[in-house]
Amino acid sequence: MIYTAEKGGMEMSEEKIEWYMDFVDLDYKPGRDDLVVEFYFEPYKVSPEEAAGRIASESSIGTWTTLWKMPEMAKRSMARVFHLEPSGEGYYTKIAYPLTLFEEGSFVQFMSAIAGNIFGMKAIKTLRFLDFHPPYEYLRHFKGPQYGLRGIRSFMGIKERPLTATVPKPKMGWNVDEYAEIAYELWSGGIDLLKDDENFTSFPFNRFEERVRKLYRVKERVERETGEKKEYLINITGPVHKMIERAELVADYGGKFIMIDIVVSGWAALQTMREVAEDLELAIHAHRAMHAAFTKNPKHGITMYALAKGARLIGVDEIHTGTAVGKMEGKYEEVRKINGFLLSPWEHIKPIFPVASGGLHPGLMEELIRLFGKDLVIQAGGGVMGHPDGPKAGAKALRDSIDAVIEGKSLEEKAKESPELKKALDKWGYLKPI
Ligand code: CAP
Ligand code: MG
């Protein structure tokens with residue numbers, strides 16, 4: 001209990017003024033209508049039991065003090081701390097939330113409830129939302145991915161190997177004709193998916209509408225010339241009304257993918273666009289720019305695992321999850337756990353493609369595929385666009401390095417038959433950028 005000087009020595013009534021411990025029941029056994037959430041936390045000036053009770057209270061029905069009256073539904077909706085144990089410098093807890101707390105099919109409301117106010121409570125020094133376990137009664141209100149991994153492999157005609165993607169780096173600056181020329185080179189060199197960068201949407205020097213008009217024509221030309229299916233992860237991110245317009249334009253031009261920066265767009269926008277994508281038969285590529293603002297600190301925020309789980313539940317078809325060997329945060333164990341979940345069965349919620357991206361180049365393909373297998377989308381921007389002989393050679397070097405792994409050859413061996421791969425290895429070797 002924290003007493004503050006503001007009370008001014010007033011005579012306090014005997015009546016209880018706090019009831020956090022009413023939300024702690026370590027004998028409780030969650031039922032089929034409970035959604036369990038796992039947290040890590042460090043208390044501030046209160047016991048770990050009370051701190052956990054505060055988390056459960058504030059994220060379900062409670063507030064800081066006892067109340068005049070409690071409707072029956074409120075009593076039935078009280079979250080319960082049913083597991084608590086020391087963990088490192090803090091505590092690990094599991095809280096059972098009655099499904100009455102959650103609006104059917106609204107991940108937005110779910111996150112407002114269990115990942116909202118509780119992050120700001122004074123009595124909780126640090127808090128990390130680790131994972132959540134929705135029962136089928138909650139899950140059944142979500143479509144999940146329209147295509148998922150198998151659907152994408154099917155319409156891309158790529159049965160086994162990882163898919164490849166490249167962002168025409170530098171991130172910004174190419175006009176549409178230059179972009180179209182680079183796209184032609186990349187797709188002709190063997191890249192499956194051209195990808196806009198996370199901040200590349202529509203600018204006076206490169207308007208989205210003009211890009212659509214020109215790039216899908218280039219895509220069709222390369223498909224005719226190579227006999228390979230090509231696709232474009234075009235970034236539609238923006239105000240929702242603009243995203244809807246852009247998605248409709250992509251569908252009009254025969255595109256199969258839209259790319260959305262899901263964290264900056266927000267859960268509501270993603271849920272809206274999942275419905276739009278259903279009608280337009282578009283797959284969703286989820287970029288996670290800004291995730292590290294809350295996933296990176298191991299003691300506070302939300303795990304990438306929980307974020308990816310929510311994105312799969314809503315229905316993205318692929319999502320960036322890290323590489324372990326590249327330039328971005330994300331250790332092997334964490335990425336393996338996330339990818340393992342994304343690729344595993346989950347009721348009717350299809351498995352989806354993990355996207356490995358960030359500092360990748362041909363020299364890292366052996367280790368990357370050894371670590372994470374072939375069910376991957378591998379994005380290499382700088383690792384293709386930095387090739388001394390340009391985008392087409394960079395694309396071929398990346399594909400040849402992946403082919404080498406699939407064929408069980410070393411990269412050096414493969415480089416004897418691939419001058420493009422040899423030049424990439426000469427430039428970057430096996431460098432792991434940080
Ligand atoms: C990679 C990238 C991606 C990051 C995102 C970039 O470019 O395009 O946005 O991979 O990180 O802008 O850095 P390079 P994550 O291939 O040139 O590194 O995948 O971890 O979400
Ligand atoms: Mg990027």
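The preceding data block contains the structure.
Residues numbered from 1 in each chain as written. Chains lettered and ligands numbered in written order. Predicted model: local features only at pLDDT ≥ 70, side-chain atom pairs only at ≥ 80, totals over all residues. Heavy atoms only, no water.

Enquirer: Give a detailed account of the site of ligand 1, specifying residues and quantitative values.
Expert: Close to ligand 1 lie 16 residues, the nearest being Lys171, Arg288, Lys327, Ser357 and Gly359. Contacts to ligand 1 include Lys169, whose side-chain N or O atom sits 3.0 Å from an oxygen atom. Within the side chain of Arg288, one N or O atom sits 2.7 Å away from an oxygen atom of ligand 1. In the complex, 93% of the free accessible area of ligand 1, which totals 480 Å², lies under the protein chains. Residues of the shell around ligand 1, tallied by class, amount to 2 nonpolar, 8 polar and 6 charged. (Near = heavy atom within 4 Å. Polar contact = N/O pair within 3.5 Å; in protein donor to acceptor, adjacent residues only side chain to side chain. Areas by Shrake-Rupley, 256 points an atom, 1.4 Å probe, with all protein chains shown as cover. Nonpolar A, V, L, I, M, F, W, Y, C, P; charged D, E, K, R; others polar.)

Enquirer: Describe the sheet that holds strand S5 (residues 163–166), and please don't skip the residues or the numbers.
Expert: Pairing in this open sheet of 8 strands is parallel, and the strands run S7-S6-S5-S13-S12-S11-S9-S8 from one edge to the other. Only two strands of the sheet have a single neighbouring strand rather than two, namely strand S7 (231–233) and strand S8 (257–261). Looking at each pair of strands side by side, their axes are set apart by 25 degrees on average, direction ignored. Pairing of strand S6 (residues 193–195) with S7 involves 3 bridges; the strand directions are parallel. From the neighbouring strand, Lys195 faces S7, where its bridge partner is Leu233. (Pairing = 2+ DSSP bridges. Helix = DSSP H or I, 4+ residues; strand = E, 2+ residues; numbered from the N terminus. Axes fitted to C-alpha atoms, helices over the stretch in contact; angles between N-to-C directions.)

Enquirer: Kindly report on the sheet that holds strand S1 (residues 34–43), identifying the contributing residues and their values.
Expert: Backbone hydrogen bonds are what pair the strands of a sheet, in a parallel or an antiparallel way. Ordered in space as S2-S3-S1-S4-S10, the 5 strands form an open sheet in which the pairing is mixed. Edge positions in the sheet fall to strand S2 (80–87) and strand S10 (301–302), since each of these pairs with one other strand and no more. For S2 and strand S3 (residues 90–98), the ladder comprises 7 bridges, and the chain directions are antiparallel. Across the sheet, the residue bridging to His83 is Lys94, located in S3. Strands in contact with helix H12 (residues 304–314) are strand S4 (124–133) and S10; relative to S4, the strand with the most contacts, it is inclined by about 40 degrees. (Contact = heavy atoms within 4.5 Å.)

Enquirer: So what's going on with H12? Which residues, and what values?
Expert: The buried fraction of H12 amounts to 11 of the 11 residues, a majority that puts the element mostly inside the structure. If you check which residues of H12 are buried, you get Met304, Tyr305, Ala306, Leu307, Ala308, Lys309, Gly310, Ala311, Arg312, Leu313 and Ile314. Looking one or two residues past H12, Gly315 carries a phi angle of roughly 125 degrees, positive in sign. (Buried < 20%, exposed > 50% of the residue type's maximum accessible area, 1.4 Å probe, protein only.)

Enquirer: Which residues make up the coordination of the magnesium ion (ligand 2), and what are the values?
Expert: Around the magnesium ion (ligand 2), the protein supplies Asp197 (OD) and Glu198 (OE) as donor atoms, at distances of 1.8 to 1.9 Å. For the residue pair Asp197 and Glu198, the accessibility class agrees, reading buried in each case. (Donors = N, O, S within 2.8 Å, 3.2 Å for Na, K, Ca; no water.)

Enquirer: Which residues make up the pattern of salt bridges, and what values do they have?
Expert: Under the defined criterion, the tally for this structure stands at 36 salt bridges. We note a salt bridge from Arg399 to Asp192, for which the minimum N-O separation is 3.9 Å. Remark: Asp192 occurs in the loop between helix H6 (176–189) and S6 and Arg399 occurs in helix H16 (residues 391–407); sequence separation between them is 207 residues. Of the two residues, Arg399 and Asp192, both sit in the buried class. As a salt-bridge pair, Glu329 and Lys331 come within 3.9 Å of each other at their nearest N and O atoms. Relative accessible area serves as the criterion here: at 40%, Glu329 is assigned to the partly exposed category. Through salt bridges that share partners, Arg161, Asp192, Glu228, Lys230 and Arg399 make up one connected network. (Salt bridge = Lys/Arg side-chain N within 4 Å of Asp/Glu carboxyl O.)

Enquirer: Could you give me a rundown of the environment of His291, with the residues and numbers involved?
Expert: Position of His291 relative to the elements: it lies in the loop between strand S9 (283–287) and helix H11 (292–295). For the pair formed by His291 and Ala424, sequence separation is 133 residues and the distance between their alpha carbons is 31 Å. Those residues in contact with His291, other than ones at most four positions away along the chain, are Val263, Met304 and Leu307. Side chain to side chain, His291 and Thr295 meet in a polar contact 2.8 Å long.

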